[in-house]
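Okay, here's what each chain looks like letter by letter:
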Amino acid sequence: MNHDAELDLLHAQSADIAAAQRPLLIALALAVVAVVGLATSSPLLGIVGWFGGLLVGIYAISRGAAAIELPALAKYPAMIATFVPGFCALATGGVWWLSRNAASANAEAITRVERSARLAAQRPAAAPATAATPQRVPAAAPAVTGTPAMPSPMPEKAFPAVRAVLGTAVAEGAALSMTPGIPRPEGMSEADFQTMLKASGPVARATLGHFVVVYRMDNGDNWLYVDEQAREKSGLTRDGLHRKALQNLMAIVKRPGQLRQVDHPPYLGFLLDGEHESSLVLVDEIWKAVLRNDCPNGAVVAIPARDLCMFCDADSPEGIIALREMGAKFRGQPGFVSDQLLLYTAQGWSAFR
């Protein structure tokens, strides 16, 4: 999903949350009126507050739960609680508080996607400058002297980025070479390849058998690849860097309302922050849930670009065809990862043939 479409979705979600908050506050106020009426032995206040809180509360909780994707196990008990004024106040107040947190998370997501869109718009402009100096690629090594001077942020704040998919499984944690001497990976754009080469030997690790993972630091208005010198300076081992990067990724995944599953028949997809959707293949818990809920025959997964993660059931010919078409569409484009489809089952990842 492109940035414009994701922004439209996020703004629509923000509007839904905002529209749900007012009836929640009204229901909360009516429930408080009912409690006051009961406490002061005022029949009028008690009846108006109880009846109003019940009617508005059921509607408000139903609408609020849909806006923030509240699980049914929490939604229906909260609706039942509206029959008792005191519990109605707790239920409507609780859902309103959750909606407030969801609104904040949504606002942060909009900010991140807008920033990602600005960065994406800048990348094509950088490509001609790189192409204009092709002879500098073999001489990239002298640029190493400038790399350690990238002081901030530190590798401890790095995120994992899947940059390629291996058709043949490689041992977990194997060090992979990403130096100026290697050929450009098939399908990767020249602009992305030159960006990779500007880093002095970026740390590249084989992960889960099939993923080439590198690590990027957020430098405010751009991303910097973590190289071996920066890693050694930070005191992190290669595996330590990987664990820390996964923790940073999980911090985004676990934010309320941040990870969202979307339907795009004949396949499904995940939205995260517009930069690390492809890295979701590294989070095993997500795919175990996919097997349970959506793909009982195994999940066929495509990550054609760093901000795309799409999947369908292995028994869906239409979905598989659509995923192959998406891989071909992004081949050679900035941010391209791979057009190799993958299969996730209870045994883990494998290349889908």
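Residues numbered from 1 in each chain as written. Predicted model: local features only at pLDDT ≥ 70, side-chain atom pairs only at ≥ 80, totals over all residues. Heavy atoms only, no water.

Would you take a moment to explain the confidence of the model for the protein for this structure?
Note: predicted coordinates in regions of low pLDDT should not be interpreted at a detailed level. Here the protein averages 82 in pLDDT, and 80% of its residues register 70 or above. Of all the helices and strands in the protein, helix H5 (residues 190-198) carries the lowest mean pLDDT, 64, while strand E7 (residues 299-302) carries the highest, 97. (pLDDT = per-residue confidence, 0-100. Helix = DSSP H or I, 4+ residues; strand = E, 2+ residues; numbered from the N terminus.)

Would you mind showing me how to read the sheet that holds E7 here?
Either a parallel or an antiparallel arrangement is found when strands of a sheet pair, and the pairing is made through backbone hydrogen bonds. Pairing within the open sheet is antiparallel, and its 6 strands lie in the order E5-E6-E8-E7-E9-E10. Edge positions in the open sheet fall to strand E5 (260-264) and strand E10 (348-351), since each of these has one partner strand only. Neighbour-to-neighbour, the strand axes of the sheet open up by a mean angle of 30°, direction not taken into account. Two strands pair when backbone bridges link them, and strand E6 (residues 267-271) and strand E8 (residues 310-313) are joined in this way by 2 bridges, in the antiparallel orientation. Bridging from a neighbouring strand, Leu 268 pairs with Phe 311 of E8. Docked against the sheet, helix H8 (residues 284-293) engages E6, E7, E8, strand E9 (342-345) and E10, running at close to 75° with respect to E9. Its contacts with the sheet put helix H9 (residues 317-330) on E6, E7 and E8, and the angle it makes with E8 is roughly 160°. (Pairing = 2+ DSSP bridges. Axes fitted to C-alpha atoms, helices over the stretch in contact; angles between N-to-C directions. Contact = heavy atoms within 4.5 Å.)

Would you mind going over the packing of aromatic side chains with me for this structure?
Any pair of aromatic rings gets described here by the distance separating the centres and the angle formed by the planes. One pass over the structure, following the stated rule, counts 8 aromatic pairs. Where Phe 159 meets Trp 223, the ring centres are 6.2 Å apart and the plane angle is 80°; that geometry is what we call edge-to-face. Here the residue Phe 159 occupies a position in strand E1 (residues 159-165), and Trp 223 occupies one in strand E4 (residues 223-225), the gap between them amounting to 64 residues. For the pair Phe 159 and Trp 223, a shared accessibility class is recorded, and that class is buried. Seen in terms of ring centroids, Phe 211 and Trp 349 are 5.4 Å apart; in terms of plane orientation they differ by 85°. Their pairing is edge-to-face. Placement of Phe 211 in strand E3 (residues 211-218) and of Trp 349 in strand E10 is noted, with a sequence separation of 138 residues between them. A relative accessible area of 11% means that Trp 349 is categorised as buried. (Phe/Tyr/Trp six-rings, centres within 6.5 Å; stacked < 30°, edge-to-face > 60°. Buried < 20%, exposed > 50% of the residue type's maximum accessible area, 1.4 Å probe, protein only.)

Just checking my understanding: could you explain the packing of helix H2 (residues 43-68) against helix H3 (residues 72-81) for this structure?
The description of two packed helices rests on the angle between their axes and on the distance between the axes. Across the interface, H2 lies against H3 with an axial gap of 9 Å and an inter-helix angle of 165°. On the basis of the axis angle, H2 is roughly antiparallel to H3. Like other packed secondary-structure pairs, H2 and H3 cross with a definite hand, here right-handed. Of the residues in H3, those in contact with Ile 58, Ile 61, Ser 62 and Ala 65 of H2 are Lys 75, Ala 78 and Met 79. (Parallel < 35°, antiparallel > 145°, perpendicular 65-115°, else oblique. Left-handed = near helix turned anticlockwise from the far one by under 90°.)

Would you mind going over H9 with me for this structure?
Spacing of three or four residues puts side chains on the same side of an α-helix, whose turn is 3.6 residues. Relative to the 20 Å expected for 14 residues at 1.5 Å per residue, H9 spans 21 Å between its end C-alpha atoms, a close match to the ideal helical length. What H9 keeps buried is the set Gly 319, Ile 320, Ala 322, Leu 323, Met 326 and Gly 327. Relative to the axis of H9, the buried residues are bounded by an arc of 165° and lie together on one face. What points out from H9, more than 90 degrees from its buried face, is the exposed set Pro 317, Glu 318, Ile 321, Glu 325, Ala 328 and Lys 329. Looking at the buried positions of H9, the neighbouring elements they touch are E6, E7 and E8. (Expected span 1.5 Å × (residues − 1). Arc of directions from axis to C-beta.)

Is there a simple way to think about the environment of Ala 81 in this case?
Topologically, Ala 81 is positioned in helix H3. Ignoring sequence-local partners within four residues, the contact set of Ala 81 consists of Phe 87, Cys 88 and Ala 91.

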